[in-house]
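Structural description and commentary
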Amino acid sequence: MPEAKNNVKGTRDILPNETGGFIRIESVLRTIASLYSYHELRTPVLEYSDVFARGVGEGSDIVRKEMYTFLDKGERSVTMRPEFTAGIIRSVIQNKLYATNELPLKIFYSGPAFRYERPQLGRYRQFTQFGVESVGHNSVLNDFEVISMAYSMLYSLGLTSVKVKINSLGDNETRTKYREALKGYFLPHLDNMCPDCKQRYEINPLRILDCKVPEDHVLAIGAPKINDFLSETSKERFEALKSALDDAAIPYEVDDQLVRGLDYYSEVVFEFDYTSLKGKNYGALGGGGHYSNLMKELGGPDLPGVGFSFGIERLYDVLKDDELIKEDDDTLDIYMMPLGNEVRLYALEIANKLRLAGYSVDYCFDDVKLGNMFKRASKKRAKFAVIIGENEYNNHKLVVKDLAKEEQNEIEEDNIVCYFDAIFNQECKCKCSDDYCTDEQCK
Ligand code: HAM
């Protein structure tokens, strides 16, 4: 197998005609996060494995079987982050960000994450997450703000019919009682359950509800529901959240099967579900929830948090399916056409001068006929062509062709930037006195 010829299984190249879409998605998400006063925190891809074992939880599938973990040359166990939250909280604690900022501390992040999962539609072994964490405030309105921000992000990208699924996992008291109830329910069936579920039963029986093995899944559907175990405080909290979502007209449905795959959650958990117009479902576009014990678990103060992450590849794929994002349709300001070897360097210098002035300029490196150059300019969606032959070179006059209007002008080399500034309506920087210059100061 020619391994050097292929990308690693489960990874994905983002090709040049796709990167613009990825950047646009991220730019919308960043802009909205900033509007909500979130600031970016960049943590390393590598963390000590304990961050995730303690943070995401020994009982989670992620820690049990999906992490890229290895010993570094100093024999330390390190892991390529399978998600951001645990590493972000590690950094918040280590840098005491909770102590030097007003709470909640509002963080956003973006970058690659790695999980050794079975690759399938929407599921990669390296993928990109964009997410937020709001740390240090227990108000249910903080949970609400985070969910509504995520919803506006999706709405702003054009996804106006996203399904928000929510559930409450309750507080510690709720989950202790619920865990016992689940153990009682699953015990008589344990011998017939999959080996993973046998382990889950011991470490965290809540995870059995996530099992994809058909027999266990059917069993899980009949299991006791957490809603029946919610403490009074958790019930009130969940009701307050639902009423805030109602007031904000954010459509949601309560899904009592939603437990999420990471162990740190308590109280509300949520996911954003969407099927593209082509009928494809790439899996949840994002998900998150409230966590009460994560900070303490990682050695920090007893502060809660709430956050979510989106999968950027999934967002890109649904937006592409729904034609809300196109493959890159960049245009080019100017295509430079040197005619003959003598003028090549000169034409390249003019191209660079225009680039320095802020225009996108491409240059024909091949010695091809003028007609062919025009074809290339049109393929690149160039707005103008600058044609430089021997005459132009000798007289320092350049031929500029407006490719849409099919009009041609001869422009002094010294005025070429100013000429384009006038056309593109930019303030003239050269203070010339040319007719085509629109800068009042030049008149
Ligand atoms: P998660 O649900 O594991 O949550 O991942 C969040 C999102 O990342 C998913 O909804 C999906 O869009 C994307 N994603 C996850 N795994 C893959 C994969 N293998 N391939 C492609 N995309 C994937 C978390 O990671 C939590 N840290 C979210 C959170 C933040 N909770 C609180 N704060």
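Residues numbered from 1 in each chain as written. Predicted model: local features only at pLDDT ≥ 70, side-chain atom pairs only at ≥ 80, totals over all residues. Heavy atoms only, no water.

What surrounds the ligand is a group of 27 residues, the closest being Glu83, Glu117, Tyr124, Arg260 and Tyr265. Interatomic distance of 2.6 Å between a side-chain N/O atom of Tyr265 and a nitrogen atom of the ligand. Contacts to the ligand include Ala284, whose backbone N or O atom sits 2.9 Å from an oxygen atom. Here the ligand, which alone exposes 650 Å², has 96% of that area covered by the protein. Secondary structure elements with two or more residues in the shell around the ligand: strand S6 (126-135), strand S10 (286-291) and strand S11 (305-311). The element that contributes the greatest number of residues to the shell around the ligand is S10, accounting for five residues. When grouped by side-chain class, the residues that make up the shell around the ligand number ten nonpolar, ten polar and seven charged. (Near = heavy atom within 4 Å. Polar contact = N/O pair within 3.5 Å; in protein donor to acceptor, adjacent residues only side chain to side chain. Areas by Shrake-Rupley, 256 points an atom, 1.4 Å probe, with all protein chains shown as cover. Helix = DSSP H or I, 4+ residues; strand = E, 2+ residues; numbered from the N terminus. Nonpolar A, V, L, I, M, F, W, Y, C, P; charged D, E, K, R; others polar.)

Ranked by size, the top nonpolar core spans 50 residues in total, and within it Val56, Ile89, Phe186 and Leu209 carry the most contacts. Considering each element in turn, this core owes the most residues, five residues, to helix H4 (residues 85-94). Not counting chain neighbours up to four residues away, the residues in contact with Ile89 comprise Val135, Tyr291, Leu294, Met295 and Leu298. Listed in part, the 43 residues of the second largest apolar core include Tyr38, Val164, Phe238 and Tyr274. (Core = buried A, V, L, I, M, F, W, Y, C linked by side-chain atoms within 4.5 Å. Buried < 20%, exposed > 50% of the residue type's maximum accessible area, 1.4 Å probe, protein only. Contact = heavy atoms within 4.5 Å.)

This next bit is on H4. A large share of H4 lies buried, amounting to nine of its ten residues. All of the buried residues in H4 are Thr85, Ala86, Gly87, Ile88, Ile89, Arg90, Ser91, Val92 and Ile93. Positive backbone phi, at 50°, marks Lys96, one or two positions downstream of H4.

For the structure on display, the rule yields zero disulfides. Counting only cysteine sulfurs, Cys197 is the nearest neighbor of Cys194, a cysteine outside any disulfide, at a range of 3.7 Å. Free of any disulfide, Cys197 has its nearest cysteine sulfur in Cys211, 3.6 Å distant. (Disulfide = S-S within 2.5 Å.)

As a further point, take the environment of Ile411. Topologically, Ile411 is positioned in strand S16 (residues 407-412). Spatially, the C-alpha atom of Ile411 lies 6.4 Å from that of Val399, the residues being twelve residues apart in sequence.

Let us now look at the packing of helix H6 (residues 140-156) against helix H10 (residues 232-247). Direction vectors running N to C along H6 and H10 enclose 40°, while the axes themselves pass 9 Å from each other. Between H6 and H10, the angle falls in the class oblique. Classified by chirality, the crossing of H10 by H6 is right-handed. For the pair formed by H6 and H10, the contact residues are Val140, Asp143, Phe144 and Ile147 on the first element and Arg237, Ala240, Leu241, Ala244 and Leu245 on the second. Tallied by class, residues from the contact of H6 with H10 come to seven nonpolar, no polar and two charged. (Axes fitted to C-alpha atoms, helices over the stretch in contact; angles between N-to-C directions. Parallel < 35°, antiparallel > 145°, perpendicular 65-115°, else oblique. Left-handed = near helix turned anticlockwise from the far one by under 90°.)

Attention now goes to the side chain of Glu313. Summarising the element assignment, Glu313 is placed in helix H12 (residues 312-321). Buried and unpaired, Glu313 has Arg12 as its nearest opposite-charge partner, separated by 6.0 Å. Setting aside chain neighbours within four positions, we find Glu313 in contact with Arg12, Phe22, Tyr124, Gln126, Phe127 and Thr128. (Lys, Arg positive; Asp, Glu negative; His and termini not counted. Salt bridge = Lys/Arg side-chain N within 4 Å of Asp/Glu carboxyl O.)

This brings us to helix H16 (residues 416-423). Burial of H16 is extensive: seven of the eight residues sit out of reach of the surface. Along H16, the positions that sit buried rather than exposed are Ile416, Val417, Cys418, Tyr419, Phe420, Asp421 and Ala422. Buried-residue contacts for H16 involve strand S12 (332-338), helix H13 (344-356), strand S14 (382-388), strand S15 (397-402) and S16. A positive phi of about 60° marks Asn425, the residue just after H16.

The next point concerns the sheet that holds strand S3 (residues 68-71). Here we have three strands laid out as an open sheet, ordered S2-S4-S3, and antiparallel in their pairing. A strand with exactly one partner marks an edge of an open sheet, and here the two such strands are strand S2 (46-48) and S3. Pairwise comparison of adjacent strand axes, ignoring direction, gives a mean angle of 35° for this sheet. Pairing of S3 with strand S4 (residues 77-80), which is carried by four bridges, proceeds in the antiparallel orientation. Bridging from a neighbouring strand, Phe70 pairs with Val78 of S4. (Pairing = 2+ DSSP bridges.)

What follows deals with the pattern of salt bridges. All told, the structure shown has 28 salt bridges when counted by the stated rule. Between Glu297 and Arg54 there is a salt bridge whose closest N-O contact spans 4.0 Å. With a gap of 243 residues between them, Glu297 in helix H11 (residues 294-297) and Arg54 in helix H2 (residues 49-55) connect regions that are remote in the sequence. What makes Glu297 partly exposed here is its relative accessible area of 37%. Residue classification places Arg54 among the partly exposed positions, given a relative accessible area of 44%. Note that Lys296 is salt-bridged to Asp302, the shortest N-O span being 4.0 Å. Judged by its relative accessible area of 45%, Lys296 falls in the partly exposed class. Connected via shared salt-bridge partners are Asp61, Arg64, Lys65, Asp196 and Arg200.

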